[in-house]
Amino acid sequence: MPYHGKSLPHLKPTHEIVVTRMLFTLGLAATTVGVPLYLIQLGMKDSSIGILIGIISLLIAIISLLLPPVFEKFNQLRLNILSSIFTGLSFILFSYSNSPVTALLFIFASNLSITINLYSLSILFKDSTRTKQEFTRDTGMMGSLINLSWFIGPLLGGLMLNYAGINGLFILAGTLCILSGLFVIILPFKTIVKQRAVIDGDLVENLKFYLSKPMLRVAYFQRMGITLWWGFIWTFIPIFMVRNNYSAASVGLFIGISQLPLFLFEFKTVDILSRVSYRTVFLLSYLFLSLVCLIAFFSPIFSVSLFVIFLGSFALSFLEPIIDLFFFDQVSKLEEEKTYPIYGTSSLIGSTAAKIGVGIGLVIFADQAAFIIIAFLMFLIAVNATKIRFN
């Protein structure tokens, strides 16, 4: 597996990837405040926002199943550059949408390019490490720094909404995403070219291979739980807050602060795997998330519900840095491109389940029903974790 290109002196390839990912994530995080609020401004109902965005996520999940041969045939750095620029342009054009239909089209375009961007960088990051210990350590470092972007981004988004409006917010977010692509062009990244005898282009065979591995099935559901949680937080909590007379800046502040535990603790939580099993971390974390949603459901005071939802971020600080570690422990290097796009659809399916499930719940019940729906789904993911063998 020869190396092509070279890294900057004293800067590891994984560190270059982290800087790129931080810039891209900063732009992405800034939009979490604006998307649902802008769709409401365009006249869409709360429930229809969740359902329609969920359908978009489902379509992208289906498309993602066709991506393995794309990642095997094409240079992933080029895919990353193009997807960064395309995401940025989609964000900018989204802010000029004057109807729900055009806005949803740009959401579809940006989400597809985001998917390609994150898949390509995740595989590049894994391949840039030489040992499991290095991958584990650098994953913790990357998780903390990316969550710094998730902390700053919503705060920045809330302030931009207040002072520059939707256009200012999405122009800034788009510019940051485009800059992340330009950063890849400027830096001489070191990449690995994998020698392949066969391109894994058969969708059915790829699915059969993935589904034949019990722990890959478990990894799918465990990652799905993480994005199910964030899909709920990013789509519905801003709507609930505005309905309870919170300002756009307050929404951004809450979304940003919810990332703070991840930034502070992810760097160290990967070390817990030397003392406890994947099974224990996943099981206890998802049970905790189920518990906080139950408390939020029964609380008559919305601010208390917000506080306990914030506490859920402490569980995410254990889940997020180890889920990809668990996945990559189950596959070889040559199986990564074949399996990662399938595994990656779990993020889209989780987000879809949150948006459509809660959206339908809001049509039938009051806002509080959202918390009991998520509590039930978190409990199911915890049960799935019991299938993991102790390591």
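All of the points below concern the structure found in this document. (Residues numbered from 1 in each chain as written. Predicted model: local features only at pLDDT ≥ 70, side-chain atom pairs only at ≥ 80, totals over all residues. Heavy atoms only, no water.)

Observations concerning the overall build of the protein
And then number 1: Along the protein, the regular secondary structure elements total 14 helices and two strands.
And then number 2: If one aligns the C-alpha atoms of the protein with their principal axes, the spans along those axes are about 60 × 45 × 40 Å.
And then number 3: When the 391 residues of the protein are sorted by exposure, 57% land in the buried category.
And then number 4: Sequence separation of at least 24 residues holds for 87% of the intrachain contacts in the protein that already meet a minimum separation of 6.
And then number 5: Of the roughly 15900 Å² that the protein leaves accessible, carbon and sulfur atoms contribute 71%.
And then number 6: A distance of 2 Å separates the average location of the 26 positive side-chain charges in the protein from that of its 18 negative side-chain charges. (Helix = DSSP H or I, 4+ residues; strand = E, 2+ residues; numbered from the N terminus. Buried < 20%, exposed > 50% of the residue type's maximum accessible area, 1.4 Å probe, protein only. Contact = heavy atoms within 4.5 Å. Areas by Shrake-Rupley, 256 points an atom, 1.4 Å probe, with all protein chains shown as cover. Lys, Arg positive; Asp, Glu negative; His and termini not counted. Charge placed at Lys NZ, Arg CZ, Asp CG, Glu CD.)

Comments concerning a nonpolar patch on the surface
And then number 1: The grouping of L284, L287, F376, F379, L380 and V383 at the surface amounts to a nonpolar patch, some 560 Å² of accessible area in total.
And then number 2: Contributions of two or more residues to the nonpolar patch are made by helix 11 (278–298) and helix 14 (369–385).
And then number 3: No other element matches the four residues that helix 14 contributes to the nonpolar patch.
And then number 4: Within the secondary structure, L284 sits in helix 11.
And then number 5: Accessibility expressed as a relative area gives 55% for L284, which makes it exposed. (Patch = residues over 30% accessible without salt bridge, like charges linked within 9 Å, V, L, I, M, F, W, Y side chains within 5 Å. Salt bridge = Lys/Arg side-chain N within 4 Å of Asp/Glu carboxyl O.)

Here's the deal with the environment of V35
And then number 1: For V35, the position within the fold is in helix 1 (residues 13–41).
And then number 2: The buried category is assigned to V35, whose relative accessible area is 18%.
And then number 3: Remark: the alpha-carbon pair of V35 and I49, spanning 14 residues in sequence, is separated by 9.7 Å.
And then number 4: In this view, V35 contacts I53, F94, I107 and F170; residues no more than four positions away in its chain are not counted.

Purely geometric stuff here, so don't read any function into it on its own.
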